[in-house]
Each structure stands twice: as C-alpha cells, then as structure tokens.
Amino acid sequence: MSTARALSTSTPLPPLTTPHPTHHLPLAEKAMTFFDASPDPFHAVQTCIQTLQDAGYIPLDMERPFQEQLVKGGKYYFTKNQSTLVAFAVGEQFVPGKGGFKIIGGHTDSPNLKIKPRSKRTGMTASTGCIQLAAECYGGGLWHTWLDRDLGISGRVFVRNGGGGEKGQEEEIVSRLVKMDRAVVRIPSLAIHLQTAKEREALNINKEDHLVPILSMAVEKALTKGSTSTTASETETAATPEDDGWTEHQEPILLEMLARELQVNVQDIVDFELNLFDVQKASLGGAFSEFVHSARLDNLASCFMAVEALVEYTTTTTTSTTTTTSSSPDHASPLSTDKDISLVALFDHEEVGSESTTGAGSPIIQEAVSRICEALLSASTSTSTSTPYDAKAITLAKSFVLSVDQAHAIHPNYSAKHEKGHAPKMNHGMVIKRNSNQRYATNAVTGLIVREIARKAGMKPMQEFVVRNDCGCGTTIGPIISSITGIRAIDLGCPQWSMHSIRETMGTCDFRHGLDLFCAFFKHFRQVDDSVSKQ
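Residues numbered from 1 in each chain as written. Predicted model: local features only at pLDDT ≥ 70, side-chain atom pairs only at ≥ 80, totals over all residues. Heavy atoms only, no water.

Enquirer: Before we move on, can you summarise the sheet that holds strand E3 (residues 84-90) with the specific residues and values?
Expert: Backbone-to-backbone hydrogen bonds join strands into a sheet, with any given pair of strands oriented parallel or antiparallel. Strand order in the open sheet formed by nine strands is E1-E2-E3-E15-E4-E16-E20-E18-E19, and the pairing between neighbours is mixed. Looking at strand neighbours, the two that pair on one side only are strand E1 (58-59) and strand E19 (463-465), the edges of this open sheet. Pairing of E1 with strand E2 (residues 75-80) involves two bridges; the strand directions are parallel. Paired with Ile-58 across the two strands is Tyr-76, which belongs to E2. Contacts from helix H8 (residues 297-315) reach E2, E3, strand E4 (101-107), strand E15 (341-347) and strand E16 (400-404) within the one sheet, and its direction differs from that of E15 by about 160°. (Pairing = 2+ DSSP bridges. Helix = DSSP H or I, 4+ residues; strand = E, 2+ residues; numbered from the N terminus. Contact = heavy atoms within 4.5 Å. Axes fitted to C-alpha atoms, helices over the stretch in contact; angles between N-to-C directions.)

Enquirer: Please give an account of the packing of helix H11 (residues 444-456) against helix H13 (residues 510-531) that cites residues and values.
Expert: Orientation of H11 relative to H13, taken along the N-to-C sense of each, is 110°, at an axis distance of 9 Å. Regarding the angle of H11 to H13, the classification is roughly perpendicular. Regarding H11 and H13, the two cross each other, and that crossing is right-handed. Counted together, Ile-449, Val-450, Glu-452, Ile-453, Ala-454 and Lys-456 of H11 and Leu-517, Ala-520, Phe-521, His-524, Phe-525, Gln-527, Val-528 and Asp-529 of H13 form the full contact between these two elements. For the contact of H11 with H13, a count of residues per class yields nine nonpolar, two polar and three charged. (Parallel < 35°, antiparallel > 145°, perpendicular 65-115°, else oblique. Left-handed = near helix turned anticlockwise from the far one by under 90°. Nonpolar A, V, L, I, M, F, W, Y, C, P; charged D, E, K, R; others polar.)

Enquirer: Give me the lowdown on H13, citing residues and values where you can.
Expert: Approximately 60° is the largest bend angle found in H13, and it occurs at His-524. Of all 22 residues making up H13, 16 are buried, and the element is well covered by its neighbours. (Bend = angle between axes of the 7 residues up to and from the residue. Buried < 20%, exposed > 50% of the residue type's maximum accessible area, 1.4 Å probe, protein only.)

Enquirer: Account for the pattern of salt bridges, naming residues and giving values.
Expert: By the definition in use, this model includes 20 salt bridges. Here Arg-64 makes a salt bridge to Glu-68, at a shortest N to O gap of 3.4 Å. Between Lys-102 and Asp-338 there is a salt bridge, with the nearest N and O atoms lying 2.9 Å from each other. With Lys-102 in strand E4 and Asp-338 in the loop between strand E14 (323-324) and E15, this pair connects stretches of sequence that are 236 residues apart. Classification of Lys-102 by relative accessible area gives buried; the value is 1%. Using a relative accessible area of 5% as the deciding quantity, one classes Asp-338 as buried. When salt bridges with common partners are traced through the structure, they connect Asp-340, Arg-488, Arg-526, Asp-529 and Asp-530 into a single cluster. (Salt bridge = Lys/Arg side-chain N within 4 Å of Asp/Glu carboxyl O.)

Enquirer: Help me get a handle on the nonpolar core, residues and values and all.
Expert: Within the largest apolar cluster, 60 residues are counted, with the highest numbers of intra-cluster contacts made by Leu-52, Ile-104, Leu-402, Leu-492, Phe-511 and Phe-518. A per-element tally of this core places H8 first, with twelve residues. One finds Leu-60, Val-90, Ile-103 and Val-401 within the second-largest nonpolar core, a separate group that totals 31 residues. (Core = buried A, V, L, I, M, F, W, Y, C linked by side-chain atoms within 4.5 Å.)

Enquirer: How would you sum up the sheet that holds strand E22 (residues 504-507)? Please name residues and give values.
Expert: The strand order across the open sheet formed by five strands is E11-E12-E22-E21-E17, and the pairing between neighbours is mixed. Each of the sheet's edge strands pairs with one partner strand only, and the pair in question is strand E11 (283-285) and strand E17 (407-408). Both strand E12 (residues 291-294) and E22 contribute to a ladder of four bridges, which runs antiparallel. Note on E22: the bridge partner recorded for His-293 is Thr-505. Set on the sheet, helix H2 (residues 25-36) makes contact with E11 and E12; between it and E11 the angle comes to about 135°. Its contacts with the sheet place H13 against E12, strand E21 (495-497) and E22, and it is angled at close to 65° to E22.

Enquirer: Describe the pairing of E15, with residues and values.
Expert: Note on strand geometry: in a regular strand, side chains alternate between the two faces of the sheet. For E15, the buried fraction is high: seven of the seven residues fall into the buried class. Here E15 shows two buried faces, one formed by Ile-341, Leu-343, Ala-345 and Phe-347 and the other by Ser-342, Val-344 and Leu-346. Looking at chain direction, E3 and E15 are connected through six bridges and run antiparallel. Paired with Val-86 across the two strands is Ala-345, which belongs to E15. Sheet analysis places E4 next to E15, joined by seven bridges and oriented parallel. Bridge pairing in E15 places Phe-101 opposite Ile-341.

Now the structure itself:
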C-alpha cells in the first residue's frame, strides 16, 4: 500500500485550531489578562484589589482597631507597601479558639531587572553613542533570556502634590503607578561574528556589563527627523533643575518619559521604584492550545488562582440542590456555616529570601491572626471561655497554610533532570512538593490532608515532586511561615517549564485544576482536618 493511500484512509486529525479541551480556555484567558496587567508587584496587587472590590471586599484601616471594623460574615483586605496583599472572609460561625485560619499563600514578585536608584549610566555615552539606564538584577533570573526582547518600564513613582497641587495647598507626596507598555528599552545580544568559539559555547553573561538596557541614541533627535537642533546633552542640561541630591543622578530622558506618562511636571517627580518587563502579551500555544506562554507565571499564576478561589468561595451561594452565584436572600452563603477564616496572603520579596517588611518572613501573618482573633474574641465573650493567649494558640493549632508556588514539570529535552518516580506533567493536575531537608514544608500529615481534600472534591490524584539527590532544591514561603507562626503547611503548585525565564510555559488545564483545589480547600478543610488523628 502506498504512503499516500495509507494517509488517506487513516483517521483524520482534528483541525489545529481546535482547542483541547475547550472548557478550560475561558479561565486560562482570564489569567492571561491578569498577567498582562501585572508587570510588577504593585500592579499585581492593584489588579487583585479590583477583583476583590468587585466581589464586595472592603479595605481595612490598619491604624484603627480591628474590633471597630470586623464583623462575622465580613470580607476585607489590606495591603502593605502596595506590594503585599492580605484578603480574608470571616465565617459567621467563627469563634477564636474553636476555629482556625484556612490560608493560601503566594508571592507577587518575579526575577527581573530593576532600575537602580541612580538611573543615569555615566561614562559610557561619549564612547558608544547610546544612552543607557543603570539596572540591577533582582532575584535569580535566567538572564540570557532577557536579551533581544522588547522591554517596557513599570512600577511606582512618587510625585509631589500629586503632580498638580494648587497654590496654598498643603504639600503632599503621593504614589502613582506607571506602565510603559511598549518597547522602550532593549538589551541587544552580541553578534556571533564578534564572539570566539569558546565565548559562544560558554554563553557567559556579566550581569554588570552585559545587561545594561539601551534607552536611546545620544545624537540629535532622530525620531523628529531633524526638526530641532537640540542635542541630547543640551536636553540634559535644560531638563535638570538645581541639584537636589536626587534629580541630578537620574537620566533626564527617563524623567521626561515618566512625566508624560503621569501628566505631571518633571520637577514634581521625587523618587521611583521601576523595573523592566517583556511587553509581549501572554498567549496560548501548542497545536491544541494546551499551553499558556507568559512572563511571571512564577508566581502570578498562583496569585490569580488564590484570589479567584477566595472570591468564588465567598460569593457562591447554595440551596439544597443547586450551587449558584446569586445574591438572593433565598440562597445561603458558605460563610453562613463556616467556622473558620478563609484568607489569602500574597507576599513580596520571595525571590530574594522573604526577609523584609513585606515578605513572608515579616510579622504580617502573625499580626493579622492576632488582631483578627482579639477583635472577634471580644465579640464572642458569651460563647468562649478562652483567654486571648489560649484562644490564639488553639486557633493557630487549627489553622493550615497552602504555600502555593509553581513546580517543575518534566522537560522532554532534559528528562534526566527529574527523579524518575517524581516527574510531574503539565495539564495533569497540581503537584505536592516534598523535601526531607525542609526546603519545603510538606510532611506526611499535611500531604495527606490535601490529598483527602482533592479526593473529597472528586479531583484527579495529586502529582508529586522530589528533587534528585544530585540537584539543589529551591525553597518557598512555606517553611518560613510555619517556623514563625507554628501553623501547619504544605508546599504545592502548578507544573511549568522555563522557571525564572523572561517567558515561561504552563498547562492550560492547570488553571482549573488549581482553582478547583483551592475552592475545595476552603470548603472541605475543616471536615477533613477533624477526621485526621492529631496523636
């Protein structure tokens, strides 16, 4: 039989435009919109806040007693430094000392290049003809992936008087978010013809010398096609006011660009925290749209699913036979019978160790638990005989943390890098991460509890990841939170490729797997935990 004949009589392939499976795509596409809107921790938190506010969550004033603000059944959030977010819903049956905290923890930061405090790159313009920005590596990135990418600038800018204060108005400095979502800067690679064979093989990048972004040419304004004779050096002199210890160290073109974006005067800009990001949008990939390609999947994917799960759980209402999102009084919210606090905590600075005022190593969780317990204990004196100290201790013992961070999917080109019995696959469900050296917080009990929750919810079995003995193991916020608070924890996440690359890949179906598990955690944890022996 000829080859042509065999092909013509075989089962036809489905069209390449057919996604597989289609019911996972809407959630994946919603996640992609979240990723594109969140190029840095500040924007990630802002995007999460919008979702929470749309679901009826209200901000807490951290300078007022919680006792004046919290009520059972209430939904709240607060932020720290605009880069860390805590959101929670109070079960109407929660009593400190009788219930606990169901916590999902993640992190808002990802490896990137940050613009240094003094952005002006000195001593290079005359010899190269280019204006560059001084940049610093944040976290452990795969830095070669940042070469030859279209890079934007985002972050927050501090502006005096909000950029438009009237005379006589009391001076104020406000924080403004900025996102230049276009190819503003670039880090070009070195042509192959200018490298030796040894240099090409090594792919050695000096982070100080080779990762300096180029902003513009230091010649007459080429983009205006010679309409003005002002040179870059003359522009620099004109744009810089009297020395103030800060402005004279900033690249004038950068300040002008920020002023235009924010519609303020250059002299009103007093400081900034800026980073670079890849302006390419998240996209579906694979013949059947089975992949999502995006920047910052580690760990914005977890942040997205955690907030979505909290909102879904606390806005879903039930009757005896149906589940709906209706707010009708004829339907009961899960919070009406919930004996716990459902909480999401998204921290900054995980990629650099979490030891900061906004990291998982800070007092944020400890203080939140204490303030919530004490505020609600005061309102529950008629039903609780515990002292504040005992109530908090018992509450902590009844609490649980899902430390959620992305996991390493087996790579078909490097399959030997995975331990053969612990090689998770994308689109096959969530991954429990274990390490006997306590790089992950999972133990037999916490792993069992989460597996039981998944079983109770009718989900597919969890995957497992253990690093090879001859490889190093990363760590997460799980062990940090457990060691500070004493709360039991498990480390888990969605499998992905290319972790810490400027562009990463995960499975389209895994957004639904993660969301379903997180919702099941909020719904079933108390029942499952009570069924497991604590001896």
